[in-house]
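The residues making up each chain are set out below.
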Amino acid sequence: MSSTEPIAVIDFETTGMTPAQGARATEVAIVLLQDGRIVDRFQSLMRTGVHIPGFITQLTGITNAMVAGAPPAESVMRDAARFVGGAQMVAHNASFDSKFWTAELAHADIQATQSFACTVLLSRRLYPEARSHSLGNIIDHLGLPRAGRAHRALADAEMAAFLLARIQRDLRERWRIQDARHDLLCGLQKCARPAVSQWLGRRAALQAESPSSPGR
DNA sequence: TGCCAGGCCCTCTTTAGGGCCTT
């Protein structure tokens, strides 16, 4: 049985909403998903010196004392970049995590080169009947397992990976798309939502004609 | 005091408003 390239599913816990306003990461977790299974995990708290507001501690359980004893962010991000390697990346609301990925790597003098696919956009297109596409709600809607304490990086990264695996499975079983690779996911998430069925049908037809190429 | 990001999506459909989603 052929093996697909692993996809790195990432989640950051942070001190705020955007690096543009000085927010920094407090924790990062990355899981590698390959052939529908989590095959490796990376997780670490990180020390940036930026104060964690009280409401963030209430949300995540991550305290200033916890990160004070953590390794420096630059060191963690170097390890994270090595862990990801050349894998393509996925996050739940990727516009959030990709900005922190880029910003935290920049603090470590590393340029981010990975492209991101977003499970929120994919979920909205494939499961329009869901009332909410927040990570916990879509996990419950699809009957997927909860992975631990919500709003901790590893649990959220694992749940996003479960969601991605389900998306890939549904693309295979419902849409006959055998090779739901990262570039297909990126294409699907950019497809206008009302045209998703037509788009998937065309992709499946193209893939059936040329299985080694996902087509355009 | 009240607001605080930004991209996407939907709607009382189009240039604007409001909600979702992430911490």
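Reading guide: rules and limits
Per-chain numbering applies: the sequence of each chain, read as written, is numbered from 1 onward. The lettering of chains begins at A and the numbering of ligands begins at 1, in the order of writing. With the structure being a predicted model, the display of local features is reserved for residues of pLDDT at least 70 and the display and counting of side-chain atom pairs for 80 or more, all residues being used for whole-chain, interface and lining totals. To obtain the side-chain values, all non-hydrogen atoms of the structure were included, while hydrogens and water were left out. Every helix listed is a DSSP run of H or I at least four residues long, and every strand listed is a run of E at least two residues long, numbered separately from the N terminus. Any residue under 20% of the maximum accessible area for its type is buried, any over 50% is exposed, and the rest in between are partly exposed; the area is computed with a 1.4 Å probe on protein chains only. Contacts were defined at the residue level, with two residues in contact if any of their heavy atoms lie within 4.5 Å. Identification of polar contacts relies on pairs of N or O atoms within 3.5 Å, with a donor-acceptor requirement for protein atoms, meaning one able to donate a hydrogen and the other able to accept it, and with residues adjacent in sequence counted only if both atoms are side-chain atoms. Residues are classed as near a molecule or strand on a simple rule: at least one heavy atom within 4 Å of it. Any Lys or Arg side-chain nitrogen located within 4 Å of an Asp or Glu carboxyl oxygen qualifies as a salt bridge. Here an axis means a line fitted to C-alpha atoms, over the contact stretch when the element is a helix, while the angle between two N-to-C directions is reported on a 0 to 180 degree scale. Crossing handedness is read from the near helix: turned anticlockwise from the far helix by less than a right angle, it gives a left-handed crossing, and turned clockwise, a right-handed one. In the scheme used here, Gly and all other residues not listed as nonpolar or charged are polar, with Ala, Val, Leu, Ile, Met, Phe, Trp, Tyr, Cys and Pro taken as nonpolar and Asp, Glu, Lys and Arg as charged. UniProt positions are given in the numbering used here, feature names are shortened, and annotations may be inferred rather than shown by experiment. Think of it this way: a Phe, Tyr or Trp ring, Trp meaning its six-membered ring, pairs with another when their centres are within 6.5 Å, and the plane angle makes it stacked under 30 degrees, edge-to-face over 60, tilted otherwise.

## Examining the environment of H133
Residue position: H133 is located in the loop between α5 (119-126) and α6 (135-142). Judged by relative accessible area, which is 13%, H133 ranks as buried. When the C-alpha atoms of H133 and A103 are compared, they prove to be 26 Å apart, with 30 residues separating the residues in sequence. Leave out the neighbours within four places in its chain, and H133 touches H92, V120, S123, R124, Y127 and I138. At 2.6 Å, the side chain of H133 and the side chain of S123 are in polar contact.

## Here's the deal with the protein's contact with DNA strand B
In the vicinity of DNA strand B there are 24 residues, among which E13, R125, H133, L135 and R193 approach most closely. Per the 4 Å cut-off to the protein, sugar and phosphate atoms form 71% of the nearby atoms of DNA strand B. L135 places a polar main-chain atom, nitrogen or oxygen, 2.7 Å from a phosphate oxygen of DNA strand B. At 4 residues, the largest contribution of residues to the surface near DNA strand B is made by strand β1 (residues 7-14).

## Focus: the pattern of salt bridges
Counted according to the given criterion, the structure contains 8 salt bridges. With a closest N to O distance of 2.5 Å, E158 and R41 form a salt bridge. You can see E158 sitting in helix α7 (residues 153-175) and its partner R41 sitting in strand β3 (residues 37-45), a full 117 residues away along the chain. With relative accessibility at 44%, the residue R41 sits in the partly exposed group. Two residues, E173 and R169, come together in a salt bridge whose shortest N-O distance is 3.8 Å. Placement of both E173 and R169 in helix α7 is noted, with a separation of 4 residues, approximately one turn of the helix. With relative accessibility at 48%, the residue E173 sits in the partly exposed group. Several salt bridges converge on common partners, so that one network encompasses R166, D170 and R174.

## Points about the packing of α5 against helix α8 (residues 182-190)
At their nearest, the axes of α5 and α8 sit 9 Å apart, and the two run at 65° to each other. Between α5 and α8 the crossing geometry is left-handed. Counted together, L121, L122, R125 and L126 of α5 and L185, L188, Q189 and K190 of α8 form the full contact between these two elements. Looking at the contact of α5 with α8, its residues break down into 5 nonpolar, 1 polar and 2 charged.

## Observations regarding α6
Among the residues of α6, L135, G136, I138, I139 and L142 are the ones counted as buried. Contact partners of the buried residues in α6: α5 and α7.

## So, the UniProt feature "domain: Exonuclease" (unreviewed entry) in chain A
With numbering aligned to this structure, UniProt lists the feature "domain: Exonuclease" (unreviewed entry) at residues 6-173. Segment residues 6-173 splits into 45% helix and 20% strand. End C-alpha atoms: 20 Å apart.

## Some details on the packing of aromatic side chains
Scanning all chains against the criterion turns up 3 aromatic pairs. The interplanar angle of 45° and the centroid separation of 6.3 Å between the aromatic rings of F12 and F100 together place this pair among those described as tilted. Residue F12 is found in strand β1, and its partner F100 is found in helix α4 (residues 94-107); the two are separated by 88 residues along the sequence. Like F100, F12 is buried. Judged by centre distance (5.6 Å) and plane angle (35°), the rings of F42 and F83 are tilted.

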